Amino acid sequence: MKVIIIEDEKPSARRLNRLLNAIGIEAQTMLHSVEESIAWFNANTHPDLIFLDIQLSDGLSFEIFEAIDIKSAVIFTTAYDEYALQAFKLNSIDYLLKPIDEDELAHAVKQYQERLPK
């Protein structure tokens, strides 16, 4: 499974990566801004799953979806609950509030895996 993390706060990105490693998932890439993410998606094969913060250093992550046709599944990881409705209109699996709980993360990943074709 190809996974990336888009998170502007590097300590939060590293913590999420450690939590993912604990459940056997390794993120291939960590991106930190809307601009960097758009450039990455234009140059790379899209991942299976994206862990995505909403408020990035240079704007809202929804701007990525306006610029790129994202086909990947998304698990939002954010400190803000007011974007939940907008997030679920995209290809989202779950909406995890920070600080991310290990059990909630594992449940969100399980939900994603259960949606995969057998």
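Look up: the structure comes first, before these words.
Not measured: the values here are computed from a predicted model.

What counts and how
- Residues numbered from 1 in each chain as written.
- Predicted model: local features only at pLDDT ≥ 70, side-chain atom pairs only at ≥ 80, totals over all residues.
- Heavy atoms only, no water.
- Helix = DSSP H or I, 4+ residues; strand = E, 2+ residues; numbered from the N terminus.
- Contact = heavy atoms within 4.5 Å.
- Buried < 20%, exposed > 50% of the residue type's maximum accessible area, 1.4 Å probe, protein only.
- Arc of directions from axis to C-beta.
- Polar contact = N/O pair within 3.5 Å; in protein donor to acceptor, adjacent residues only side chain to side chain.

*Asks:* So what's going on with the side chain of Ser72? Which residues, and what values?
*Replies:* Here Ser72 shows up in the loop between helix H3 (62–67) and strand E6 (73–78). Excluding its chain neighbours within four sequence positions, the residues that come into contact with Ser72 are His46, Pro47, Asp48, Ile50 and Asn91.

*Asks:* Explain the environment of Ala87 residue by residue, including any values.
*Replies:* Along the polypeptide, Ala87 turns up in helix H4 (residues 84–88). Considered as a pair, Ala87 and Val74 are 13 residues apart in the sequence and their alpha carbons are 9.0 Å apart. Ignoring sequence-local partners within four residues, the contact set of Ala87 consists of Phe62, Phe76, Ser92 and Tyr95.

*Asks:* Which residues make up helix H2 (residues 34–43), and what values do they have?
*Replies:* Three or more residues of H2 are buried, namely Val34, Ser37, Trp40 and Phe41. One side of H2 carries all its buried residues, which in axial view fall inside an arc of 125 degrees. The exposed set on the far side of H2, more than 90 degrees from its buried face, consists of Glu35, Asn42 and Ala43. Residues of H2 that are buried make contact with strand E1 (3–6), strand E2 (27–31), strand E3 (49–52), strand E4 (55–56), strand E5 (59–60) and H3. Measuring from the side-chain oxygen of the N-cap residue of H2 to the backbone nitrogen of Glu36 gives 3.0 Å; that N-cap residue is Ser33.

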